[in-house]
Structures are given as structure tokens and as C-alpha cells.
Amino acid sequence: MNAIGTIDRPLTHNPQKQALMTSSTSEPARSATQNFNTIGANTSRQNRTREMQLIPEALARAHMHERLREADRDRQAVRLAAARRMQRRAERVSMRARRALALAIMS
């Protein structure tokens, strides 16, 4: 028996170089699937490969955007806390000035 390749041990692992399956002459007509053109399949396989190669880049870009948003949020929180501290300090200075003015007027 001169077998080109079997399911377990194909002649090649490259799907583009594998021979298409043809129906045997002993089988009834249309019992096996008909031969089909694999150009579309190869194109989609190539696109899928390209997309899969770009996945880490897209993940890194999304991760970077998320980190930038976190940094902006942190900066905004720090600015808000500093503004509140300055507001409290200004209110204390204002109250001290009012007291000093009241004492100056009273005496």
C-alpha cells in the first residue's frame, strides 16, 4: 500500500500544501463533500494570523490608555486635596483677620 499520508501522520502539516479530499469511484455520487476552493479559507487564515499577531500590541495600547486615565484621575484627586487644604488655610487666616479687626475696634 502506497499511502501519501494518513490522518494521524499527514505528509505535511501545512494546510495549503495538502491535497484536497476527493471521493472514491466506488462511493455513490454526492456521498462525499464536493471539492471546494480554499482561496477564501487561506485568506481568512492569513488575516486571522495577522490579527492574532496584533493582539499583544492592542492589549498594550489599551493597558497604556488605562494607566494614563488612572494617572489623570490621581492627579485630579491630588489637585482637589491641595485646593481643599488651601481653602481651609484661607478660611483660618480670614477668621484670624476678623478677630484681630474686632479686637482693634473694641479696644
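An account of the accompanying structure is given in this report. Quick caveat: nothing in here was measured; it's all calculated off a predicted structure.

**Overview of the overall build of the protein chain**
Then comes step 1: Regarding its fold elements, the protein chain presents 1 helix and 0 strands.
Then comes step 2: Across the 107 residues of the protein chain, 1% fall into the buried class.
Then comes step 3: Total accessible area computed for the protein chain in this model is approximately 10,500 Å², and 58% of it derives from carbon and sulfur atoms.

**Some details on a nonpolar patch on the surface**
Then comes step 1: A grouping of Met52, Ile55 and Leu59 is seen on the molecular surface, where their side chains present a nonpolar patch of about 320 Å² in accessible area.
Then comes step 2: Relative to the elements of secondary structure, Ile55 occurs in helix α1 (residues 39–106).
Then comes step 3: Using a relative accessible area of 44% as the deciding quantity, one classes Ile55 as partly exposed.

**Here's the deal with the pattern of salt bridges**
Then comes step 1: Tallied over the entire structure, the rule returns 5 salt bridges.
Then comes step 2: Notably, a salt bridge pairs Glu70 with Arg67, separated by 2.7 Å at the nearest N-O pair. With a gap of 3 residues between them, Glu70 and Arg67 both fall in helix α1, about one helical turn apart.
Then comes step 3: Owing to a relative accessible area of 30%, Glu70 belongs among the partly exposed residues under this scheme.
Then comes step 4: One salt bridge connects Asp72 with Arg75, and the closest N-O pair in it is separated by 2.7 Å. Pair noted here: Asp72 and Arg75 are both in helix α1, with a separation of 3 residues, about one helical turn.

**Examining a positive patch on the surface**
Then comes step 1: Among the surface-exposed residues, Arg84, Arg85, Arg88, Arg89, Arg92, Arg96 and Arg99 lie close enough to one another that they form a single positively charged patch.
Then comes step 2: According to the relative accessible area criterion, Arg85 is partly exposed, its value standing at 45%.

Parameters and conventions
Residues numbered from 1 in each chain as written. Predicted model: local features only at pLDDT ≥ 70, side-chain atom pairs only at ≥ 80, totals over all residues. Heavy atoms only, no water. Helix = DSSP H or I, 4+ residues; strand = E, 2+ residues; numbered from the N terminus. Buried < 20%, exposed > 50% of the residue type's maximum accessible area, 1.4 Å probe, protein only. Areas by Shrake-Rupley, 256 points an atom, 1.4 Å probe, with all protein chains shown as cover. Patch = residues over 30% accessible without salt bridge, like charges linked within 9 Å, V, L, I, M, F, W, Y side chains within 5 Å. Salt bridge = Lys/Arg side-chain N within 4 Å of Asp/Glu carboxyl O. Lys, Arg positive; Asp, Glu negative; His and termini not counted. Charge placed at Lys NZ, Arg CZ, Asp CG, Glu CD.

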